[in-house]
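A look at the structure
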Amino acid sequence: MSNEFTHIELSEKVANLPLSPGVYIYKDDKDSVLYVGKAKKLRNRVRSYFQKSRPADGRIRTMVSKISDLEVVVTDSEAEALILENNFIKQYQPRYNIMYRDDKSYPYICITAGDKPRVFPTRTVIKDGSKYYGPYDSVVTMKKMLETIRKAFDLCTCAVSQKNIDRTRGIPKWHSCFDDYLQNCSGDWDAERYQVTIKKVERLLNGQTDTLLKELKEEMQIASDALAFEDAAKLRDSLSAVERYSQKMKMVAEKKVDRDVFAIGVDEELNEACGVLFKIREGKLIGKFHRFLRNIDDLSAGEMLQSFVEDYYTGQYTAAIPDEVYLSNELPVEEPLSEYLVQERGKKVPMHVPQIGEKAQLIKMAKANARLHLNERRLEKEKAERNRIPHAVKELKEHLKLNRLPRRIECFDNSNLQGSDPVASMVCFVDAKPRKSEYKRFNIKTVVGPDDFASMKEILIRRYSKVMKDGLQVPDLIVVDGGKGQLSSAVEALKEIGFYGECEIIGLAKRLEEVFLPGRSESIMIPKKSTALKLLQQARDEAHRFAITFHRQKRSKRTLNTELTEIDGVGGKTSKELLKKFGSVKKIKEADLKELQEFIGKKSGEKVYNHFRD
């Protein structure tokens, strides 16, 4: 009954929707957002999803079957709906919308707000009134731009925080770039000069190099005519820096206009697409940008391209709107984006799909870049798949004929010196790498004297009783340091607590690096150069190191405390204070009488001094 009521309620909502532009949000029975879309006429667009006569791909049919509720937001225009749709998609991350996968955090150049803005590199976009230029596909390209800004305008471009400032000098502790400008630091300029310089920096960042060069030449001529030769020389240096940068930029169009060129590439096997943007300013290619698109099942190249272009212009990545936009595919619904661009730029921005000429060649070049990024993405994915299970783990399974891959190995070792201070250790390796957060140390509690077999039995009973009691992760393989005797004790321990058979167990004898398996009289010899044997040796050696370290710490602590506390009149508290003060018993022995008496008193100091002299 509840489902029937929900569908009736939903159909009523759809029937009463306005014929206005807006955004619609589909939700499932758990109130999770399934899909966010925009429409010129909400009622017509939403109703089309539920019409049986409308052909729909499998992805849409699956989504519609899950819709239990609907929310809409009415807007004044399609352009507003476009912006709102983009914000909702980023907020809710709906399962059936195209999603984006950035393979890196893109670098930007930020110009902060205020009378004296800072210019610095960043990977974080914050909506605080600052202007962000980029994103840059390459850190090298961004650094070249920052270097041009430094050389042309004497502005510092370091990403500096207050904690990195040397307060005595007022400059960063860790960077020398300020040294170049200490004689005419931009921080001393008046606000007007600073703002004029920032405007020039913005022109450079927007790719308006021709306009900037013309302006610098005119200023240099004015300074020269006024006999202000020092100012003219500085402007000459600025002009030279901008010219060098401009000459390195690639000319890709005869006509000096601002263009954005978008292309889409699709890899059906990878089930991802890649959108590529070329930013062309004054006929020169000043930047490239790409993003990967997921959730693209049954979508056309035009639909993917539309999503990429709309996301770019309404998101954090865009800067100035160009004169023209060129596309690799026709957009299924061009009106909302066209209206938005007019709204942002103040005049119509033509959008074309070129077929011949230099513009078509630019599209071809952008598509080639998209294919290149997808090929790299495929190689990364294939490499990750190959490396997911290390070769050593696979090889160990084959050599020992184990029932499952030994991805999690727990290895045990004992340590004692003539039966004193017996301890044991467990180290954990996951996919052939040590996971130190899961290492364990054990004090042997029930065994008297140097009995390695009994000690191994005790620690395995304690460890795997806890694993069963607390529901901890069961290892794929248990390794005990030793031969048949150690392995037999370990097997006996696991059988005693009902853990035997939950995972594989082996013994590794050090003398010949033989591997022993339960129920098998003969050992297995793994080839010496095998990565499987190296993995076992690494685990065994790490367990031994960990056990020895713990044993030494325990023995050292006992020895130090005993040696000091056996002195008449020196208790545990005084011995701790002495060790804290001097650092070791050796240094306490070497201390002179006056130093000891000043620290622990006349009588106690004399007793300690005489004890070590006697």
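Details of the structure are given in the entry above.
Overview of the structure. Predicted model only: the values in this text are computed from it and were never measured.

1. Brief notes about the nonpolar core
Phe262, Leu293, Tyr313, Leu327 and Leu341 are the most contacted members of the largest nonpolar core, which has 33 residues in total. The set of elements that each furnish at least two residues to this core consists of α4 (78–92), β5 (108–111), β11 (259–267), β12 (272–281), β13 (284–294), α9 (301–314), β14 (324–327) and α10 (335–345). It is α9 that contributes the most residues to this core, 6 residues altogether. Not counting residues up to four positions away in its chain, the partners in contact with Leu293 are Ile98, Met99, Tyr100, Ile264, Glu272, Ala273, Cys274, Gly275, Met304 and Phe308.

2. Concerning the side chain of His290
By the element assignment, His290 lies in strand β13. A distance of 3.4 Å separates a polar atom in the side chain of His290 from a polar atom in the side chain of His373.

3. Brief notes about unusual backbone geometry
For Asp31, which is not glycine, the phi dihedral falls at a positive 70 degrees. Its place among the elements puts Asp31 in the loop between β1 (22–27) and β2 (33–39). Phi is positive for Asn295, which is not a glycine, with a value near 60 degrees. Summarising the element assignment, Asn295 is placed in the loop between β13 and α9.

4. Quick notes on the side chain of Asp28
Positionally, Asp28 belongs in the loop between β1 and β2. Notably, Asp28 is buried but unbridged: the nearest opposite-charge side chain belongs to Lys30, and the N-O separation is 6.6 Å. At 2.9 Å, the side chain of Asp28 forms a polar contact with the backbone nitrogen of Ser32. Look past the residues within four positions of Asp28 in its chain and what remains in contact with it is Leu34, Lys66 and Ser68.

5. A closer look at the sheet that holds strand β3 (residues 69–74)
Ordered in space as β2-β1-β3, the 3 strands form an open sheet in which the pairing is antiparallel. Unpaired on one side and paired on the other, β2 and β3 mark the two borders of the sheet. The average angle at which neighbouring strand axes cross in this sheet is 15 degrees, direction not considered.

6. Here we look at the sheet that holds strand β6 (residues 119–122)
Ordered by their spatial adjacency, 3 strands build an open sheet running β6-β5-β7, and the pairing between neighbours is antiparallel. The open sheet is flanked by β6 and β7 (131–133), the only strands paired with a single partner. When strand polarity is set aside, the average angle formed by the axes of neighbouring strands in this sheet is 30 degrees. Across 3 bridges, the pairing between β5 and β7 is antiparallel. Its bridge partner lying in β7, Ile109 is registered against Tyr133. Lying over the sheet, helix α5 (residues 139–153) contacts β5 and β6, oriented at roughly 35 degrees with respect to β5. This element, helix α6 (residues 191–205), spans β5, β6 and β7 of the sheet and lies at about 155 degrees to β5.

Here is what the cut-offs are and how they apply
Residues numbered from 1 in each chain as written. Predicted model: local features only at pLDDT ≥ 70, side-chain atom pairs only at ≥ 80, totals over all residues. Heavy atoms only, no water. Core = buried A, V, L, I, M, F, W, Y, C linked by side-chain atoms within 4.5 Å. Buried < 20%, exposed > 50% of the residue type's maximum accessible area, 1.4 Å probe, protein only. Helix = DSSP H or I, 4+ residues; strand = E, 2+ residues; numbered from the N terminus. Contact = heavy atoms within 4.5 Å. Polar contact = N/O pair within 3.5 Å; in protein donor to acceptor, adjacent residues only side chain to side chain. Lys, Arg positive; Asp, Glu negative; His and termini not counted. Salt bridge = Lys/Arg side-chain N within 4 Å of Asp/Glu carboxyl O. Pairing = 2+ DSSP bridges. Axes fitted to C-alpha atoms, helices over the stretch in contact; angles between N-to-C directions.

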